Amino acid sequence: MNLELFAETYAVYTRVSTGGQEDNTSPEGQYEACKRYGETQGWKLMENGWYHDTISGTKKGIDRKMLAELYDLIEAKTIKHVVFKRVDRVGREAAIIKEIIKMVYSLGGKVSIADKGRTYKNFRECNNDIRFESVVAEIERDNIVEKNWEGRISQFKKGSALGKQPYGYITAFDDSKSRKFRLVKIVTSEAEALMDFLKKFVETRSIKEAVDYAASKGYKTRSGHPFAHHFFRDTLKNLELYNGKPVKQEYSFFEEVFSREFVYPQIISDELYYQIREATRLKSKADREYFDGVRPYLGIVFCSHCGSRAGIRYKSKATPKKNGEVYSSFIVFCPSHAKEVQKTYRLEGKGSGKECGKSFRYGEITKSILQFLDDASRLGTAEQYSKELLRVLIALRDIQFQIKKAVALRDNASNRKDSILKKLDKLMELEGVDISSFIAANSENLKSIEEQIRQSNSHISELKRNYNSVTEILEMSGLKVTEELLSSIEVNRRSIAKEESYSGDDVRNRRNKIEERLLLDILPETVKSLANELSEGLGKIRGLVEMEEWETVNTLLYRLGIRVYVNFNEPLRNGKLPEIALAVALAESADRVGAVAGLLAERTPETVCGQNTTKGHALKNIPMLREALNARGVPVQTPDAGEEGRLL
Ligand SMILES: [Zn+2]
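Heads up: these notes are all about the structure in this document. Just so it is clear, the structure is predicted and the values come from calculations on it, not from any experiment.

1. Some remarks on the overall build of the protein
Then, in step 1: Helices and strands together make up the secondary structure of the protein, namely 22 helices and 15 strands.
Then, in step 2: Per-residue burial over the protein gives 41% buried out of 648 residues.
Then, in step 3: Within the protein, counting contacts between residues at least 6 apart in sequence, those at least 24 apart form 66% of the total.
Then, in step 4: As displayed, the protein has an accessible area near 36,500 Å², and 51% of this comes from carbon and sulfur atoms.

2. Topic: the coordination of the zinc ion
Then, in step 1: Around the zinc ion, the protein contributes the donor atoms Cys-303 (SG), Cys-306 (SG), Cys-334 (SG) and Cys-356 (SG), which lie 2.2 to 2.4 Å from the metal centre.
Then, in step 2: Because the angles between the four donor atoms bound to the zinc ion fall within 98 to 117°, the donor set is best described as tetrahedral.
Then, in step 3: When its relative accessible area of 37% is taken as the criterion, Cys-306 is described as partly exposed.
Then, in step 4: The exposure class assigned to Cys-334 is buried, which follows from its relative accessible area of 2%.

3. Let's talk about helix α7 (residues 188-204)
Then, in step 1: Under the 1.5 Å per step criterion, the end-to-end length of α7 is 24 Å for 17 residues, consistent within 8% with the ideal 24 Å.
Then, in step 2: What α7 keeps buried is the set Glu-190, Ala-191, Ala-193, Leu-194, Asp-196, Phe-197, Leu-198, Lys-200 and Phe-201.

4. Re unusual backbone geometry
Peptide bonds are mostly trans, and most non-glycine residues show a negative phi.
Then, in step 1: The backbone of Asn-48 shows a phi angle near 50°, a positive value even though the residue is not glycine.
Then, in step 2: Along the chain, Asn-48 falls in strand β2 (residues 44-54).
Then, in step 3: Judged by relative accessible area, which is 68%, Asn-48 ranks as exposed.

5. Observations concerning the packing of aromatic side chains
Each pair of aromatic rings is reported with the distance of its centres and the angle of its planes.
Then, in step 1: In this structure the tally under the stated criterion is 22 aromatic pairs.
Then, in step 2: Note on Tyr-37 and Trp-43: the rings are 5.9 Å apart at their centroids and 80° apart in plane angle, and the pair reads as edge-to-face.
Then, in step 3: For the ring pair Tyr-169 and Tyr-264, a centre distance of 4.9 Å and an interplane angle of 50° mean the geometry is tilted. Highlighted residues: Tyr-169 in strand β6 (residues 169-173) and Tyr-264 in the loop between β9 (256-262) and α11 (270-289), separated in sequence by 95 residues. Tyr-264 carries the same exposure label as Tyr-169, and that label is buried.
Then, in step 4: Every member of this aromatic cluster is reached through a ring pair, and the members are Tyr-167, Phe-197, Phe-201, Tyr-219, Phe-227, Phe-231 and Phe-232.
Then, in step 5: Over the ring of Tyr-273 we find Lys-245; its NZ or CZ atom is 3.9 Å from the centre of that ring.
Then, in step 6: A cation over a ring is seen here: Lys-404 above Phe-401, with NZ or CZ 6.0 Å from the ring centre.

6. Points about helix α5 (residues 94-106)
Then, in step 1: Helix length check: α5 (13 residues) gives 18 Å between terminal C-alpha atoms against 18 Å at 1.5 Å per residue, within 8%.
Then, in step 2: The elements touched by buried residues of α5 are α3 (65-75), β3 (81-84), α4 (87-90), β4 (110-113) and α6 (123-158).

7. What to know about the packing of α5 against α6
Then, in step 1: At a closest axis distance of 9 Å, the pairing of α5 and α6 adopts a crossing angle of 155°. If you check the angle between α5 and α6, you find them roughly antiparallel. As α5 runs across α6, the sense of the crossing is right-handed. On the side of α5, the interface is formed by Ala-94, Ile-97, Lys-98, Ile-101, Lys-102 and Tyr-105, while α6 contributes Phe-123, Cys-126, Asn-127, Ile-130, Ser-134, Ala-137 and Glu-138.
Then, in step 2: Taken together, the residues of the contact of α5 with α6 break down into eight nonpolar, two polar and three charged.

8. Topic: the environment of Ser-328
Then, in step 1: With respect to the helices and strands, Ser-328 occurs in strand β12 (residues 328-333).
Then, in step 2: On a C-alpha basis, the gap between Ser-328 and Tyr-314 in space is 7.4 Å, while along the polypeptide they are 14 residues apart.

9. Some thoughts on the sheet that holds β2
Then, in step 1: Ordered in space as β2-β1-β3-β4-β5, the five strands form an open sheet in which the pairing is mixed. Of all the strands in the sheet, the pair left with one neighbour each is β2 and β5 (118-119).
Then, in step 2: In this sheet, β3 lies alongside strand β1 (residues 9-16) in parallel orientation, the contact comprising three bridges. Bridge assignment links Val-12 to a residue of β3, and that residue is Val-83.
Then, in step 3: Contacts between helix α2 (residues 27-40) and the sheet are confined to β1, β2, β3, β4 and β5, with β1 contributing the most and set at about 160° to the helix.
Then, in step 4: Strand contacts of α3: β1, β2 and β3, with the helix running at about 150° to β2, the strand carrying the most contacts.

Conventions adopted
- Residues numbered from 1 in each chain as written.
- Predicted model: local features only at pLDDT ≥ 70, side-chain atom pairs only at ≥ 80, totals over all residues.
- Heavy atoms only, no water.
- Helix = DSSP H or I, 4+ residues; strand = E, 2+ residues; numbered from the N terminus.
- Buried < 20%, exposed > 50% of the residue type's maximum accessible area, 1.4 Å probe, protein only.
- Contact = heavy atoms within 4.5 Å.
- Areas by Shrake-Rupley, 256 points an atom, 1.4 Å probe, with all protein chains shown as cover.
- Donors = N, O, S within 2.8 Å, 3.2 Å for Na, K, Ca; no water.
- Tetrahedral: all angles 85-135°; square planar, octahedral: opposite > 155°, others 65-115°.
- Expected span 1.5 Å × (residues − 1).
- Phe/Tyr/Trp six-rings, centres within 6.5 Å; stacked < 30°, edge-to-face > 60°.
- Lys NZ or Arg CZ within 6 Å of the ring centre and 35° of its normal.
- Axes fitted to C-alpha atoms, helices over the stretch in contact; angles between N-to-C directions.
- Parallel < 35°, antiparallel > 145°, perpendicular 65-115°, else oblique.
- Left-handed = near helix turned anticlockwise from the far one by under 90°.
- Nonpolar A, V, L, I, M, F, W, Y, C, P; charged D, E, K, R; others polar.
- Pairing = 2+ DSSP bridges.

Pasting the structure below:
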């Protein structure tokens, strides 16, 4: 290698920063000045010896691509001299400038600063001489930064576009304003692709289908990738912006934050905007509520406030957990709430409604059920459970009796009514007979009979409802209720009553004693086998709940008659737990029915008939009779509107 030649070879290093550039520092200007300096020294410019970086003056030498190449050239002894125009072209931070010149000397090169007309012998000489300029370069940098920021903030406030634009937009300089003011314009091809893509989503409500469609049309993002799921998500984030709605933008300079409302040119029409929003809402709701398995506790939870059978809804959160799993749960709710909301919406135009508006996670129900099963010792054995079943059967038999009794009472009353009306008919057939005295004598009686019939009818239907619901419960539990089964209970009951003497006991005590013996002695086989089957299942419930075997859990709980009553109307404050009550509906129904039956047994016909609460004279409600009375000069008017008129 020619050392003499090496000693006289130089390269030029120029630099401009990334942010706007000060005057008189164009790369060409720097290069020319450096080249002139080298020529005056009699050096030889290395072939292609211009090395330029567009980089901040605060970046280290090794982080600057071209400067790093120069380092290699010095080390390889290809060049000796590196010429900079000014100290601030070396760097804009004293420490960085020092690091760079140190590196040049340590590799065996020399630094020249063209504007100072100097080439330095060694690092120390260079460092001493450029100390002042280094500090100036650093101070200037701060000024430049501030000046640049001031300029940018001022443009920001005037409404110039900011940084990178969302898909569909591009910036352009506005000739009518200052050179740095940038306008936002729509990129027609991008806007069309975007709308086509979104319309496909509205149509299919499926991101996947929209993405596939975009791929088939060859749509690409600005970086050349096909539209993907995250492109859709980004678009949704900017939906308002695309619709021409003002969006908030911020620009911060250290602690100072400037904000403005910015309106982008509208790409998406209002109609499409609302269609997308609705499609997104429906899609995410459907995604989060879609569940094709068996829901826990379906059919056994009821609203204790309104009596509705509760609904169980699958719900998952839109945002997943940190580990990517989806938060999901089953929500127990009262369906009558939704109905009420719909009604207020119909009537008042707004969907408010407080009734039964609470909902709970199913975990609350699990806790209560497991607690209940632990406590429910009476259900612990097959024998106890079968006693429970038998108790219900006895109550059912009682209801049957009460129905017969009430029917007889009603028939008796209607017979009496018929006979009075027949007499009246006969009197009316006779000419010249004054029927007003007959009516006067019988009207009270007739009124009372009529009330008896009404009340009997309502009792009969209540008893029949009870009978049907208890029968239904028993049959759902797997026990077939037959007339044979009921009469075998009745036969046994009678024989027990005959065998034993209950003198001195009142009716209720006597009945309880008979029932006790029935339960101990006579358990029909059907009841026994059912009870065995169910008590086995009972022991497994906890494990089944833990394993989320909902189908089996639901069936077992249902057949065991376990019902959960939740108060969906009770407001939950301060972490209060929902009011949950559990009952074995078999026993509960038996108690309820027993109470009704007991009450009826103690009632005399008078109390069953109760008070006449109707207004006005019942007879005047029969049009034919009314006309007849009127024809005979007895003034009878049609019932007033609003009066509780009834037909006999
Ligand atoms: Zn309710």
